[in-house]
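Structural description and commentary
Letter by letter, the chains look like this.
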Amino acid sequence: MTRTTGITWAAASARRFERQFLAMSARTGTPVADVADAMLGVHAQVLSAAELSVGLRADGVTRADVREALWPTVSPTAPPPPSSPSPSPSLVKTHGPRGTVHLLPARDLPMWCAALPAVPDGTAAPAADVRLTEEQARQVVEAIADALDGAFLTVDELGEEVVARTGPWAGDLVMPAFQTMWPRWRQVLHRAGQCGALSFGPNRGRRVTYTRPPHFAPLPPEEATRLLVRRYLYAYGPATPQHFARWLAAPPGWAKARYAELAAAGEIEEVPFEGAPAWVVAGDTGFPDAAARDEPTRGVRLLPYFDAYVVAAQPRELLFPGAAYRRALAGGQAGNFPVLLVDGVVAGVWHQRRRGRRTTVTVEPLVSLTARQERELADRVARVGAVLGAEAEAELVIGEVTVGAHA
């Protein structure tokens, strides 16, 4: 590792690739929670995309390994008897950064479930005749935690338990939603996830189930937010308060204040990054030797929808250069398209479709690929098929991706 004072995009990209298991995959046997830890959470609004995010970073890992880490119990309808306690999950599917569903290491819940509720919420409060009082919200969250302890429940089953534990007011149909009305208690479903009372279980057919994550003691909120800043900078630094705020969907002023606190305490330090000030964890100024020579990260990678690296790595205009900014972003939002990375930057989009035993991956490059890069791309496509458990080797098609964003 070389210590450098003026940090370029190539240097930052090379170090991020190393820390994200993108330069070299995690070795066989590496726990999937370690991979999720390195990514600082795995976006999982679409579970298959999360399975790919993890599996493409770890040798031999498939979607089955990710699901085993999430739900070690065999069936949400038949939990083991009390005399045979179920193993604890190492991953938890719950509400994470930006309020979106993520896979988080269970061991990190004390940080996440203290830091996320501490982020100011900029959304408008429901109307007075709809909203819960703070005391009612507390009762509902407590009821959710009690009802889900050791159980897997659908939202309707959970609603019955919440009303039984609180009162009829919790079940009042007052929330407009998708041409119907939801009960009052559901307005704190997201809050219950962020504070550790609720997580997602495996689907029961087409229906989502919920369960309670392993019990834990949350960190003090101030300690948790300071730790989260340092963890973010270790994974994605150098980065500014604005980068952190964008990743977390936090108010920029709040993020700037957190950076100022850590800088004053000597926990982070300012460095020049692409000619402007940014921050890293104090003392964390070493970069790979190739990066010090300003050599780009070589090779071809495929990353799925909302991969953590694509969403978090900044500045975005350097990760999505030229035509990639127009083709691979949706109104400036990253993650709506699976992307092709060539030498460390976005250079195309892709889409996979499975029909029966066949998986076809269509890749639309925005640059000319060499013969070596096409061979490497074929290997990456084969790995996509292996992670998703395709019975036959995935087929690579180089051509236009005709589906829209987040299709």
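See above for the structure.
Now for a quick tour of the structure.

Things to note about the overall build of the chain
A tally of regular secondary structure across the chain gives 16 helices and 16 strands. Expressed as lengths along the three principal axes of its C-alpha atoms, the size of the chain is roughly 65 × 60 × 45 Å. Expressed as a percentage of its 407 residues, the buried residues of the chain come to 52%. A sequence separation of at least 24 residues applies to 65% of the contacts in the chain between residues at least 6 apart.

Looking at the pairing of strand β5 (residues 173-177)
As paired elements, β5 and strand β6 (residues 180-183) share four bridges and run antiparallel to each other. In the sheet register, P176 faces β6, and the bridge partner there is M181. Linking two consecutive strands that pair antiparallel, namely β5 and β6, is a turn of two residues; a positive phi of about 50° is found at F178 within it.

Thoughts on the pattern of salt bridges
This model, assessed by the stated rule, comprises 26 salt bridges. The partner of R19 in a salt bridge is D284, and the shortest N-O contact between them spans 2.8 Å. Here R19 is found in helix α1 (residues 9-19), whereas its partner D284 is found in the loop between β10 (276-281) and β11 (286-287), with 265 residues between them in sequence. For R19, a relative accessible area of 17% corresponds to the buried category. Taking relative accessible area as the criterion, D284 reaches 12% and is therefore assigned buried. Three or more residues joined by partner-sharing salt bridges are found here, namely D34, D37, R107, D108 and R231.

Details of the packing of aromatic side chains
In this structure the tally under the stated criterion is 10 aromatic pairs. Both rings, one in F17 and one in Y309, keep their centres 5.3 Å apart while their planes meet at 85°; by these two values the pair is edge-to-face. Pair noted here: F17 is in helix α1 and Y309 is in helix α13 (residues 308-312), with a separation of 292 residues, a long-range link. Residue classification places F17 among the buried positions, given a relative accessible area of 1%. When the ring of F244 is compared with that of W247, the centres are 5.9 Å apart and the planes differ by 35°; the resulting orientation is tilted. Placement of both F244 and W247 in helix α10 (residues 241-248) is noted, with a separation of three residues, approximately one turn of the helix. Both residues of the pair, F244 and W247, count as buried. In textbook terms, an aromatic cluster arises when at least three aromatic residues are bridged by ring pairs, as seen for W112, Y232, Y236, F244, W247, W254, Y259 and W279. A cation over a ring is seen here: R19 above Y234, with NZ or CZ 3.8 Å from the ring centre. Taking NZ or CZ as reference, R327 lies 5.3 Å from the ring centre of F337, over its face.

A word on the sheet that holds strand β14 (residues 345-355)
Spatially, β12-β13-β14-β15-β16 is the arrangement adopted by the five strands of the open sheet, whose pairing is mixed. A strand with exactly one partner marks an edge of an open sheet, and here the two such strands are β12 (300-303) and β16 (395-398). In this sheet, adjacent strand axes meet at a mean angle of 30° when their direction is disregarded. In this sheet, strand β15 (residues 358-365) lies alongside β14 in antiparallel orientation, the contact comprising eight bridges. Counterpart to R355 in the pairing with β15 is R358.

Section: the packing of helix α3 (residues 47-55) against helix α16 (residues 371-387)
Any two packed helices are characterised by how steeply their axes cross, that is the angle between the axes, and by the distance between the axes. Packing of α3 against α16 brings their axes to within 10 Å, and their N-to-C directions diverge by 125°. By the criterion of interaxial angle, the relationship of α3 to α16 is oblique. α3 and α16 meet at a crossing whose hand is right-handed. On α16, the residues that touch E51, L52 and G55 of α3 are R383, V384 and V387. Class assignment for the residues of the contact of α3 with α16 results in three nonpolar, one polar and two charged.

Reading the values: rules and limits
- Residues numbered from 1 in each chain as written.
- Predicted model: local features only at pLDDT ≥ 70, side-chain atom pairs only at ≥ 80, totals over all residues.
- Heavy atoms only, no water.
- Helix = DSSP H or I, 4+ residues; strand = E, 2+ residues; numbered from the N terminus.
- Buried < 20%, exposed > 50% of the residue type's maximum accessible area, 1.4 Å probe, protein only.
- Contact = heavy atoms within 4.5 Å.
- Pairing = 2+ DSSP bridges.
- Salt bridge = Lys/Arg side-chain N within 4 Å of Asp/Glu carboxyl O.
- Phe/Tyr/Trp six-rings, centres within 6.5 Å; stacked < 30°, edge-to-face > 60°.
- Lys NZ or Arg CZ within 6 Å of the ring centre and 35° of its normal.
- Axes fitted to C-alpha atoms, helices over the stretch in contact; angles between N-to-C directions.
- Parallel < 35°, antiparallel > 145°, perpendicular 65-115°, else oblique.
- Left-handed = near helix turned anticlockwise from the far one by under 90°.
- Nonpolar A, V, L, I, M, F, W, Y, C, P; charged D, E, K, R; others polar.

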